[in-house]
Amino acid sequence: MKFERRDILLIAGLILFMIGLIPFMSPAYAAIVVILMYFGIKIYVAKRKQSIEKDVGEGICMECGSKVLDKKCPICDNLNE
């Protein structure tokens with residue numbers, strides 16, 4: 001998990017969420033909840049990004065939208081032959 005520019009927006013949103021939680025629980029518990037949410041979101045995004053990269057592979061065919069294998073589209077190349 002590396003720090004990216006959009007993480008600043010995530011941190012700002014979570015700080016505002018923590019401020020909203022403070023009237024309902026102690027600040028220590030609110031901070032714990034926000035920290036757990038931060039790492040939960042980071043892990044979810046990393047897993048999702050990894051899943052998308054695995055599905056895309058070398059790229060996506062512009063004609064049919066399927067996954068490109070060995071620099072050839074399995075659907076479009078079979079239709080052309």
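Criteria and cut-off values
- Residues numbered from 1 in each chain as written.
- Predicted model: local features only at pLDDT ≥ 70, side-chain atom pairs only at ≥ 80, totals over all residues.
- Heavy atoms only, no water.
- Helix = DSSP H or I, 4+ residues; strand = E, 2+ residues; numbered from the N terminus.
- Buried < 20%, exposed > 50% of the residue type's maximum accessible area, 1.4 Å probe, protein only.
- Patch = residues over 30% accessible without salt bridge, like charges linked within 9 Å, V, L, I, M, F, W, Y side chains within 5 Å.
- Areas by Shrake-Rupley, 256 points an atom, 1.4 Å probe, with all protein chains shown as cover.
- Salt bridge = Lys/Arg side-chain N within 4 Å of Asp/Glu carboxyl O.
- Expected span 1.5 Å × (residues − 1).
- Arc of directions from axis to C-beta.
- Contact = heavy atoms within 4.5 Å.

J.: What should I look at first to understand the environment of Lys71 in this one?
T.: When you line up the elements, Lys71 lands in the loop between helix H2 (27-56) and helix H3 (74-80). In this structure Lys71 comes out as exposed when scored by relative accessible area, which is 77%. Once the C-alpha coordinates of Lys71 and Cys61 are considered, the two residues, 10 residues apart in sequence, prove to be 9.7 Å apart.

J.: How do you make sense of a nonpolar patch on the surface when you look at a structure like this?
T.: Judged by side-chain polarity, Phe3, Ile8, Ile11, Ile15, Leu16, Ile19 and Ile22 come together as a nonpolar surface patch covering roughly 670 Å² of accessible area. Mapped onto the elements, Ile15 comes out in helix H1 (residues 6-21).

J.: Is there a simple way to explain H1 in this structure?
T.: Because the α-helix completes a turn every 3.6 residues, residues three or four places apart line up on one side. Its 16 residues place the ends of H1 23 Å apart at the C-alpha level, agreeing with the 22 Å of an ideal helix rising 1.5 Å per residue. Within H1, the full set of buried residues consists of Asp7, Leu14 and Leu21. With its buried residues spanning 35° around the axis, H1 presents them on a single face. With respect to the buried face of H1, the exposed residues turned more than 90 degrees away are Ile8, Leu9 and Leu16. Buried-residue contacts for H1 involve H2.

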